[in-house]
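# Architecture at a glance
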Amino acid sequence: MDLQRVAMARTSPDLNLLALLLCLLFPLHLGSPLTSKDWDFHENDISYDHATPTTQEEKERVEKFDISKLNYTAILLELEKGLNAMKKREGRFLEGPRLPRFFTDLGKFLDLEQVVNEIETSIMSTASCTACKVGVGMLQKFVQNGMIKEDIIKAASGFCISLRIETTRVCLGIVNLMADEVVYVVENLVMSPDEICGFVIGDICGIPYNPYHNWKVAFPPVQKPVQHPKSSSTGMPTLKVLHLSDTHYDPEYQEGSNADCDEPLCCRASSGPVKSPGDRAGYWGDYRKCDTPSRTIHSMLQHIAQAHPDIDYIIWTGDLPPHDIWNQTREGNLDVIRATINQMMVYFPKTPIFPALGNHESAPVNSFPPPFVMDNHGVGWLYEELAYQWQRWLPEASSPTIRKGAFYSVLVRPGFRIISLNMNYCNNKNWWLLLNSTDPAQELQWLIYELQNAEDKGEKVHILGHIPPGHSDCLKVWSHNYYTIVNRYEATITAQFFGHTHYDEFELFYDENDRHRVTNIAYIGPSVTSYYKLNPGYRIYYVEGEFPTSQKVVTDHETWVMNLEEANRFGHPRWYQLYSARRAYNMRNLLPEEWNRLVYKMALDDNLFRKYQRCDTHVFKQVIPKLAALQTLQYGHNINNYKT
């Protein structure tokens with residue numbers, strides 16, 4: 001099934017992937033000025049092809065430095081010399097020693113500045129692919145030769161600090177948090193650098209075959225029902241649904257602190273000195289790299305409770321902790337989860353809430369081992385807490401699957417079911433999946449079972465999750481299997497809801513056999529956090545209610561925001577409706593066919609596209625070119641999700 005995504009999206013700086021590359025590239029910090037003759041020794045050393053250069057600059061770089069001739073054995077010898085020297089100098093290593101010429105030359109070849117930029121934007125090129133393959137080959141060689149984890153941590157930290165990739169404490173924190181898992185995974189891998197980098201970075205690194213990461217779910221031998229065009233009823237009862245996503249509550253947010261720091265998260269007492277009045281964090285939040293203060297969340301929830309007292313239920317699509325991922329602990333993240341849930345209970349004590357798990361809830365971030373990974377590496381500490389906290393809204397029957405994999409299925413009312421998925425099992429930053437990505441926790445096979453039962457009983461289903469399928473952060477093989485499920489059960493699944501991008505977006509799904517026939521829609525809700533350059537927002541959906549022909553389709557949605565600049569200037573927040581989808585775009589309904597029609601209209605109508613941009617002022621001062629809509633159409637029939 002193909003997917004088309006209308007996106008005004010960016011993602012937050014991904015220190016998880018940065019940490020992986022640091023651990024992969026750390027040996028370069030202790031490299032030596034090896035001469036050209038050194039590359040030709042040891043013909044049995046690891047070698048592989050790099051991605052095809054796409055620009056003249058990349059071609060020149062590849063011609064100057066051929067990574068297929070890297071001599072890992074020689075580099076290992078130089079590394080051991082460097083480590084011995086480090087032990088004599090003790091702590092002076094982290095003060096930023098002068099880099100060897102070999103490292104300087106290789107650093108230029110790898111274009112590390114470009115690599116870091118690509119990690120932050122999640123838009124990869126051959127630069128990231130080349131850096132990944134070089135680093136993976138080295139790390140595998142060094143692990144095979146018995147380098148201890150402590151030396152890996154010290155070298156990776158020094159690499160990060162010396163190149164000023166992040167501040168000292170961020171470098172030390174993120175490497176120490178991630179190194180244990182990275183080394184464990186690398187020690188147990190049976191994949192080549194090509195396969196690992198294709199897995200982590202994506203198609204830009206090629207798609208090498210690996211049976212551990214090429215799998216298909218099994219469907220029951222039941223004929224797919226004949227598809228009848230969906231219809232949307234007017235004048236019939238509706239359900240009012242609140243969608244909250246990406247709260248990112250920061251208990252350490254401090255008004256007046258430095259909002260323009262050099263770290264991935266600012267607006268804290270620890271963010272360094274304020275250099276000018278304009279750098280001070282606002283009372284209600286900040287457009288810069290800052291998360292959400294408690295007072296802003298309380299203001300939003302109080303407003304919602306007053307403005308929307310008739311909410312039937314709430315969907316909550318994850319990411320509760322802040323972005324200080326270099327400084328997080330398991331207990332600290334659990335405290336944020338408990339505090340955020342308590343905030344919800346204050347304002348909605350009797351309203352049903354259906355949560356989904358985000359990628360930031362774990363510590364380290366993105367770390368969601370499949371059930372076969374146990375002991376201290378396992379994620380049972382988180383799933384047990386979720387089962388306990390979520391039981392206030394969910395039936396006891398949902399507990400086993402939550403404890404197993406943080407997913408569940410609930411009959412909301414007769415004929416209507418909600419299924420919440422753990423999308424971290426498709427997260428390509430979750431490097432536990434490198435060991436085996438085959439349907440972790442059997443989640444998708446379980447989903448088929450639930451959907452088949454729903455089809456047999458004539459139920460309609462809404463699916464919740466955090467990372468949208470088809471997003472660049474979601475594994476292609478997982479996404480493809482998910483698409484086939486949506487295609488098979490398109491008559492049963494009448495809406496999907498995700499978060500993660502922090503933006504107000506939607507995705508369209510297309511039939512596997514008839515790529516012009518749209519089959520389904522996924523709504524991606526705006527974030528509560530202002531991180532980064534955003535106004536805090538939430539979404540209200542109107543869903544077909546209780547009547548004989550109800551299909552539980554979404555009949556309209558409204559995006560509500562708070563103008564953060566205005567709130568900080570005048571001292572109090574004003575929450576208001578930014579737009580209604582049907583009114584703003586003059587849509588007859590919100591069926592997938594109508595959204596598909598809107599996309600094609602935007603590609604041809606400049607005025608309509610500019611209106612779409614104006615409606616998305618959840619984004620603060622963002623300029624999106626008209627080309628974005630045309631690119632969305634161009635790439636819409638590719639199995640990969642296109643991100644504008």
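Residues numbered from 1 in each chain as written. Predicted model: local features only at pLDDT ≥ 70, side-chain atom pairs only at ≥ 80, totals over all residues. Heavy atoms only, no water.

The following threshold applies: UniProt positions are given in the numbering used here, feature names are shortened, and annotations may be inferred rather than shown by experiment.
Going by an unreviewed UniProt entry, the chain carries the name Sphingomyelin phosphodiesterase and comes from Scylla olivacea. Quoted verbatim from the Catalytic activity (unreviewed entry) heading of the UniProt record, the comment on the chain is "a sphingomyelin + H2O = phosphocholine + an N-acylsphing-4-enine + H(+)". According to the UniProt record, the Subcellular location (unreviewed entry) comment for the chain reads "Secreted".

### Some remarks on the nonpolar core
Rule in force here: We call a set of buried Ala, Val, Leu, Ile, Met, Phe, Trp, Tyr and Cys residues a nonpolar core when their side-chain atoms join them within 4.5 Å. Each residue is placed in one exposure class: buried if its accessible area under a 1.4 Å probe, protein chains only, is under 20% of its type's maximum, exposed if it is over 50%, and partly exposed if it falls in between. We count a stretch as a helix when DSSP gives it H or I for four or more residues in a row; a strand needs E for two or more, and each element gets its number in order from the N terminus. Throughout, a contact is declared for two residues whenever any of their heavy atoms are within 4.5 Å.
Ranked by size, the top nonpolar core spans 152 residues in total, and within it L244, L382, L447, W478, Y482 and W595 carry the most contacts. Here this core takes 9 residues from helix α8 (residues 168–187), the largest share from any one element. Setting aside anything within four residues of it in sequence, one finds L447 in contact with I419, L421, I463, Y482 and I485. Counting residues in hydrophobic clusters, the runner-up holds 7 residues, among them A259, C266, C267 and C290.

### Side note on the state of the cysteines
As a reminder of what qualifies: The term disulfide is used for any two cysteine sulfur atoms that are within 2.5 Å.
Applying the stated criterion to the full structure yields 4 disulfides. What pairs with C132 in a disulfide is C197, and their sulfur atoms sit 2.1 Å apart. Note on the C132 and C197 pair: the S-S dihedral is about -95°, so by sign convention the disulfide is left-handed. With C132 in helix α6 (residues 126–144) and C197 in helix α9 (residues 193–200), this residue pair connects regions lying 65 residues apart in the sequence. On the accessibility criterion, C132 (1% relative accessible area) is buried. Here C267 pairs with C290 through a disulfide, and the sulfurs are 2.0 Å apart. Taking the sign of the S-S torsion, about 65° here, the bridge from C267 to C290 comes out right-handed. Within this pair, whereas C267 is found in the loop between β3 (253–258) and α10 (294–307), its partner C290 is found in the loop between β3 and α10, the two being separated by 23 residues in sequence.

### Concerning the packing of α6 against α9
Applied cut-off: For every element, the axis is a line fit to its C-alpha atoms; helices are fit only across the contacting stretch, and the angle between N-to-C directions ranges from 0 to 180 degrees. Oblique is the label for every angle not falling under 35 degrees (roughly parallel), over 145 degrees (roughly antiparallel), or within 65 to 115 degrees (roughly perpendicular). With the far helix as reference, a near helix turned anticlockwise by less than a right angle produces a left-handed crossing, and one turned clockwise produces a right-handed crossing. Ten residue types, Ala, Val, Leu, Ile, Met, Phe, Trp, Tyr, Cys and Pro, are classed as nonpolar, four, Asp, Glu, Lys and Arg, as charged, and the remainder, Gly among them, as polar.
Orientation of α6 relative to α9, taken along the N-to-C sense of each, is 130°, at an axis distance of 9 Å. As the angle between them shows, α6 and α9 are arranged oblique. Where α6 crosses over α9, the two elements pack in a sense that is right-handed. Between α6, through C132, K133, V136, G137 and Q140, and α9, the contact on the second element is made entirely by P193, D194, I196 and C197. For the contact of α6 with α9, a count of residues per class yields 5 nonpolar, 2 polar and 2 charged.

### Concerning the pairing of strand β12 (residues 537–544)
Note the following rule: Here a strand pair is declared whenever DSSP counts at least two bridges between the two strands.
Of all 8 residues that make up β12, 8 are buried, and the element is covered over most of its length. Where strand β2 (residues 238–244) lies against β12, 6 bridges are found, and the strand directions are antiparallel. The partner of T238 across the bridge, within β12, is E544.

### Details of the packing of α10 against helix α11 (residues 330–347)
In the contact formed by α10 and α11, the axes pass within 9 Å of each other and the chain directions differ by 30°. Classified by the interaxial angle, the pair formed by α10 and α11 is roughly parallel. Taken as a pair, α10 and α11 cross one another with a handedness that is right-handed. For the pair α10 and α11, contact is made by S294, I297, H298, L301, Q302 and A305 and by Q343, M344 and Y347, respectively. Per-class residue counts for the contact of α10 with α11 are 5 nonpolar, 4 polar and no charged.

### Points about the UniProt feature "binding site: Zn(2+) 1" (unreviewed entry) in the chain
We count it as follows: Here a polar contact is recorded for every N or O atom pair within 3.5 Å, except that within protein the pair must consist of a potential hydrogen donor and a potential acceptor, and residues adjacent in sequence are included only if both atoms are side-chain atoms.
Feature annotation in UniProt assigns "binding site: Zn(2+) 1" (unreviewed entry) to the following positions: D246, H248, D319 and H502. Across 257 residues in sequence, these annotated residues keep their C-alpha atoms within 10.6 Å of one another, forming a single compact spot. Here D246 lies in the loop between β2 and β3. With residues near it in sequence (within four places) discarded, D246 still touches G318, D319, H466, G499, H500, H502, S527, V528 and T529. Reaching out from D246, the side chain makes a polar contact with the side chain of S245 at a distance of 2.6 Å. Classification of H248 by relative accessible area gives buried; the value is 0%.

### Details of the packing of aromatic side chains
How two aromatic rings sit relative to each other is set out by the distance from centre to centre and by the angle between their planes. Which entries qualify depends on this criterion: Stacked, tilted and edge-to-face pairs are distinguished by plane angle, under 30 degrees for stacked and over 60 for edge-to-face with tilted covering the rest, among Phe, Tyr and Trp rings (Trp via its six-membered ring) whose centres lie within 6.5 Å.
Taken as a whole, this structure holds 22 aromatic pairs when the rule is applied. Relative to W575, the ring of Y538 has its centre 6.3 Å away and its plane inclined at 45°; by these criteria the two rings are tilted. With Y538 in strand β12 and W575 in strand β14 (residues 575–580), this pair connects stretches of sequence that are 37 residues apart. With relative accessibility at 0%, the residue Y538 sits in the buried group. With 6.0 Å between their ring centres and 35° between their planes, Y585 and Y612 make a pair best called tilted.

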